[in-house]
Each structure stands twice: as C-alpha cells, then as structure tokens.
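Topology and contacts: notes
Here is how the chains run, residue by residue.
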Amino acid sequence: MTDETTAGPDRSPAPTPSSADPDRSHRSSGTLTDSADPITGPGASAPDPAGSPKTDTADLSPTDTADMPHWEKRFRAPRIGLPDWAEDAPDRSLFVSNATGTFELYAWDRATGAQRQATDRPNGTTDGTLSPDGEWIWWFSDTDGDEFGVWMRQPFAGGPDEPATPGLAPSYPGGLAIGRDGTAIVGRSTDDDGSTIHVVRPGEPPVEIYRHRESAGVGDLAHDGSLIAIEHTEHGDAMHSAIRVVRPDGSTVAELDDTNGGTEELGLAVLGFAPVDGDSRLLVGHQRRGRWEPMIWDPLTGKETALEIDLPGDVGADWYPDGSALLVEHEYQARSELWRYDLGEEPTGAILARVETPAGTVSGSTARPDGTVEFLWSSAAQPPEVRSTSGAVVLDPPGMKAPGSVPVRDVWVEGPGGRIHALVQQPAGDGPFPTVFDIHGGPTWHDSDAFASSPAAWVDHGFAVVRVNYRGSTGYGRAWTDALKHRVGLIELEDIAAVREWAVSSGLADPEQLVLAGGSWGGYLTLLGLGTQPEAWALGLAAVPVADYVTAYNDEMEALKAMDRTLLGGTPEEVPERFEASSPLTYVDAVRAPVYISAGVNDPRCPIRQVENYVRRLEQRSHPHEVYRYDAGHGSLVVEERIKQVRLELDFTQRYLTARRQTA
C-alpha cells in the first residue's frame, strides 16, 4: 500500500524499476520527509507527537477554512491512494487516506459502495495488503515509527486484529506474499540474523527457507503457490540485486544474476509472476541496455523473452489479470505515461498501444479484470486524483479540496558529469527571488512533475523552488544512478552547484538568499553542502539527515549498512578516508550559514545519536542553529505534525533571511 506523504524509496537497500510495485508484495522503503508528497510508495509509519491535535478534514466547514492559507489546505485536504484489490475478489479493495488527519488503511467494497476505516493508530498505518480471496486485511504494526514490528490481520468486513504470523518475532519487514491457500511467504531482517524468509502455513509454525547476512527479500509467489521469487544481494552489491526462484521447501529452481557474482553493476528486480495457475513466467526488470526495462523469464525452462518496447527512459511493467498483456509504465524526463503491451503468440506479434493519461506523473497504476486501468495521477500544478481509463474518477475524497499550485518548468544545465535536469517553480513577478534548493532523498529516486505540498508552500511565500535530479537519481539511465560511488555526497553537490550557478546567472535566484534544504538523503546533502560550500548558502534546512556518517553506519538497520558498504566501498574500518570525506561532521567547523535540523527520535534510517553528535559540535561553536526533535521515526503520517514542521522551517527561514538583509 501507499501513502501520499511518501516521496519514494529513501535510504532503501536497493533501487527498483520505475514502475509501482506490481506484485502487491510489501517492500520496506520510503521516507515521509521529502518535497514530493503524492502517494507513490510504501512508507514508515510514525506517531502523533504529544499535544498535536488531529483534524478531521472531511468535517471542516467553509467557515473553518475561509482564513486558512492555501499551503495548509494542501496538506489538510483529504487524499486517497491508488486502491489495491484482491486478485480473486476484485470488488474488495484497500486504500490509504488521510481523511481523519492521519494516514490510515480503509476497506472498500465496490459492490455495495461501503467503506470503513480499518486501522486507527496514533502513529498512522500505510503498509497493508489484501489476501487473494479478499477475506483478510494484512497490515504491518511497528512501534513509534521504528519500522520494527510484526504483521497483523483483520477480517475485511471488520473485527479484531490478530497476529498474522504467530511464531515470528518482530523484525524489519522484507517482503510479503500471500497464497490462495492462506500460506504466507514472509521476509524479515534483523541486525542479528540478517535476512530471513519464512513459509507460514495456517495453523503451523513458521518454517525458515532462506537466510543470509546480506540484503534479501520476498519478490513474489506464483499464482498456484509452487514457486517463490527472492531478490537477494549475496554477491555484496546492495544496489544490484539477483533473483533466485525456490520451491516452498527452499530448494532452488533457478538463479538469474546479471552481476556475474558481483563483478558487474547490473541489477534485476522481481515484477511479478504471471497471474495464471500453472504459468511459471516471471516478469523481471533488468538493466542490460543501460536502463530499467522488463523481460519475461521462465525459471522452469530457463527461457528469456526480450520485450521490444521502443521508448526512451525507464520502463516498468505489470501483468493484466489474464496474463495476455502487460501494463507498461514509462518514465522519461520527470514525467510518466502508460502503455498496453499485448504479448501475442510470439514477441514479433506483440502490440504496444498508448493508454491515455494527462501530462504529468502516474504514481501507480493497476489493470482491472474488465480491461480498464486505474491510476494515480498528478502534476506540479494539479493535486492527485485516482482516475480510470473509463473516464471516471475512481474515488473522490470528501471535504475540502486541495488548491492547485504553479506548474513546473524544465531546466537542463551542463555539469561535470553530463547534462543535469532540474525542475523549477516560481512565484509571479520578476526575479531574482529568494530560492530554495529542495533536494530529494534516496539517493536512488528522482523529482518529477508531480504535486508536492512542500514546494508549493515555499512558492506561496514568495520563494522560487529548484529541485535537482543529481547524479545518483533514477530515471536517467543506469550510469547516472550508479555514478556517485566512493565520492558519495560530493558528486551530488557538484551537480547542485552547477544548477545553482545557472539559477543565479539566469536571474532566477538572489545569490544572497539561497536556501539549501532536503529530507533524509536530501538532509544529508544539505549538511554536507553547508560545510563544503559554506560561501554559497544563506541557510540550511535538514530533515532526518545523515550528519555523522560513521555513527550513522554503526546505528542504522542492517540493510542500510549493506547499501553504505556498496556506496563507499567498505566499512568505516576498511575505508575510513571515504567515510570521513563524505561525512557532514568532518566539515561542521566550516559551516557559516544558520542551520535548522529536525529529527525523529526513533528513526532507524538516520538514527538520532549521530544527529546529536553534529548538533553538539554546532553548540561548541555557539553557531546559530535550531533543532526540532519529534517522537517518531523517519517522518510522520500525522497531517498536523507535517504542517508544524513546515511552519517551523518557514519561520526559521524568514527570520534569518530578514536579519541577513538588515545587516547587508
């Protein structure tokens, strides 16, 4: 499932193809702090901080909202994610909404139109799925946003929650697939055990079928339950997965490894088994031609079928329900579109046809049994909607509607590693404007022409906003994504500097009022940029950042340790000079701009101790800074908490920029 505050896979173990998760299996990735906030991917839940009131936005009257600024309305307006549906009971759906002021799961019976809120927790809930028969809602229960917990389930029609996988201790989730007989394939990871995968049959104790120290997770379960696809990085490259298909007893059927044992930087991703009994075809994302694109692999015969999809950019895919065609999601230059690929008897008989969607970003899509396609769409100017190719809006949330914002324009800047794509929004009038460089997280993610409440808030307050798809970003080919290795952080900042020079020389940005900002990896780049480019920035805003790379490595979840070893080429003991060169703490004494930091005290991705180390160094210098700590993990699912954080950032920025102008 998904939530609208998520910007994408942030600090996640490995990048995946551009398509939305097609196999409906749970993947633990996401951040709730980045600039983009359409519902795009699973995220970590986080608690409602003490004293933060909830606002039932569906019940707000016109009088209540008359004086509410547009930027707050964008956060408070109810949103709905793309509905998931039970494969054998397609009238039963599950979706995420913030209608109560906190993101929770909702059950929807399409046959009767009935909807009900399925989860209700102070910290919100977004990770969930339906059993194939539609009888059960599975959801992941963590503690205070720490992403460490267990799977629970409840009847679709309502009833008490119960442990879904009794016998499995709490862990970080590593994928989930549910079979038609009730058997669940559960991936999990812990610091002690590494990655494990278990078969959980109804009424029986869990059986472990896989274990490895490196990152691995459940990809999908075949329609008839006979095959399990596992993504793993046993070769040690956490950015490029291999695929193993096993039987439910754990015996290996076949292996697909484009890394050649970790010697080549080519990744694979499970996109899903064919949704037909007895059909062993597996849809796989690969990078063999320098980008993500799909192919079909039959692990029983070894046959690989290339798909001739002649589109630029990254291509992902999902099956149509009868297995005769693929729903293709195509991403290119920060926009996306949908296509239908009819497979035919042979690849030469395949037909590629456009599925009409408006210009902008499709953040998720699904083909229904009746042949229609439902998709979550937005643009920078228009809030997200769940639409159908039938022409209907699938779900229209009640209450206040989110105001639109200004459209985004594209800028291409020559940089040290090639052309850099940046997205720009600006207020009315002529520049130069005070300008926020809003840096996305990941790093394996990218900003797109999608609705985002945070950049829109800055524009409302007279700021231009520049978002840079630096090297390391997805969507511009494998070489661009993989380019940041070893000189981590420094390469991204070279690209940001090139775009900054363009912004100033073009007259867009006031060089005395440049703000560097971002969440998670974007927060990391913010602190690193303030220290390595101290003359360039008037102030910095860092949300849930990596601040002290060595301590962050020691405290973070095991899967992220694997990612950092891949990025930097080893552990802090093995390559201390690289960790030192890439750590914001190394440059903290050079920072000149005021610094605002927000951090979740239960964050497993950018843990609090390393943030406190950085803050103490600022304190020792008596350097101007403010720190906001909240009782949550890697962000918040509570609308009022998100508004509070944006308000604090706006206030900090306006105070210090005003003081800077007065002393200039």
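Refer to the structure above for everything that follows.
Residues numbered from 1 in each chain as written. Predicted model: local features only at pLDDT ≥ 70, side-chain atom pairs only at ≥ 80, totals over all residues. Heavy atoms only, no water.

The secondary structure content of the protein amounts to eleven helices and 36 strands. Considering the protein as a whole, with its 664 residues, one finds that 64% of them fall into the buried category. Considering only intrachain contacts with a sequence separation of at least 6, the fraction spanning at least 24 residues in the protein is 59%. For the protein, the accessible area works out to roughly 22200 Å², and carbon and sulfur atoms hold 49% of it. (Helix = DSSP H or I, 4+ residues; strand = E, 2+ residues; numbered from the N terminus. Buried < 20%, exposed > 50% of the residue type's maximum accessible area, 1.4 Å probe, protein only. Contact = heavy atoms within 4.5 Å. Areas by Shrake-Rupley, 256 points an atom, 1.4 Å probe, with all protein chains shown as cover.)

With that settled, the discussion passes to the nonpolar core. If you look at the biggest cluster of nonpolar residues, it comprises 59 residues, and the most contacted ones within it are F437, I496, Y549 and Y614. The contact partners of F437, leaving out residues within four places of it in the chain, are V466, V468, I496, V499, R500, A503, L514, V515, L516, A517 and W537. Of all hydrophobic cores here, the second largest spans 39 residues; its members include A107, L130, A632 and V646. (Core = buried A, V, L, I, M, F, W, Y, C linked by side-chain atoms within 4.5 Å.)

Now for helix 11 (residues 639–663). With 25 residues, helix 11 should cover 36 Å at 1.5 Å per step; its first-to-last C-alpha distance of 37 Å lies within 8% of that length. Taken as a whole, helix 11 has its buried residues at V639, E640, E641, R642, I643, Q645, V646, E649, L650, F652, T653 and L657. (Expected span 1.5 Å × (residues − 1).)

Right, let's talk about the pattern of salt bridges for a bit. Considering all chains together, one arrives at 44 salt bridges under this definition. For R110, the salt bridge is made with E374, and the minimal N-O distance between the two is 2.8 Å. Pair noted here: R110 is in the loop between strand 3 (104–109) and strand 4 (115–117) and E374 is in strand 26 (residues 373–378), with a separation of 264 residues, a long-range link. Accessibility classification places R110 together with E374 in one group, the buried group. In this structure, the salt-bridge partner of R487 is E494, at a minimum N-O distance of 2.8 Å. The class for E494 is partly exposed, based on a relative accessible area of 29%. Connected through shared salt-bridge partners, E72, R76, E640 and R647 make up one network. (Salt bridge = Lys/Arg side-chain N within 4 Å of Asp/Glu carboxyl O.)

Turning next to helix 5 (residues 490–505). In a regular helix each residue adds 1.5 Å, so 16 residues correspond to 22 Å; helix 5 covers 23 Å between its end C-alpha atoms and thus fits that length. For helix 5, the set of buried residues is I491, E492, L493, D495, I496, A497, A498, V499, R500 and A503. Positive phi appears at G507, one or two residues downstream of helix 5, with a value of about 90 degrees.

The next thing to look at is the environment of V150. Mapping V150 onto the fold places it in strand 7 (residues 149–155). Between the C-alpha atoms of V150 and S171, which are 21 residues apart in sequence, the distance is 6.7 Å. Each residue touching V150, except ones within four places of it in the same chain, is listed here: W139, F140, S141, L168, A169 and P170.

Two numbers describe how helix 3 (residues 453–460) lies on helix 11: the axes approach to 11 Å, and their chain directions differ by 35 degrees. The chirality of how helix 3 crosses helix 11 is right-handed. Contact with helix 3, carried on its side by S454, A457 and W458, involves R642, V646, E649, L650 and T653 of helix 11 and no other residues of that element. Here the contact of helix 3 with helix 11 is built from residues that sort into four nonpolar, two polar and two charged. (Axes fitted to C-alpha atoms, helices over the stretch in contact; angles between N-to-C directions. Left-handed = near helix turned anticlockwise from the far one by under 90°. Nonpolar A, V, L, I, M, F, W, Y, C, P; charged D, E, K, R; others polar.)

Burial analysis of strand 11 (residues 194–200) places seven of its seven residues in the buried class, which makes it a mostly covered element. Pairing of strand 10 (residues 184–190) with strand 11, which is carried by seven bridges, proceeds in the antiparallel orientation. Residue pairing across strands places G187 opposite I197, the latter belonging to strand 11. Between strand 10 and strand 11, which pair antiparallel one after the other, the connecting turn spans three residues. The loop that links strand 11 with its antiparallel partner strand 12 (residues 207–212) comprises six residues; one of these, G203, has a positive phi angle of about 75 degrees. (Pairing = 2+ DSSP bridges.)

The step from G431 to P432 runs through a cis peptide bond, and the omega angle for that step is 5 degrees. Residue placement: P432 occurs in the loop between strand 30 (418–425) and strand 31 (433–439). Between G442 and the following residue, P443, the backbone shows a cis peptide bond with an omega angle of 5 degrees. Looking at the secondary structure, you find P443 in the loop between strand 31 and helix 3. Backbone geometry places E147, a non-glycine residue, at a positive phi of 65 degrees. Within the fold, E147 resides in the loop between strand 6 (136–142) and strand 7. A positive phi angle, near 55 degrees, is found at N260, a position not held by glycine. Given the relative accessible area of 49%, N260 is considered partly exposed.

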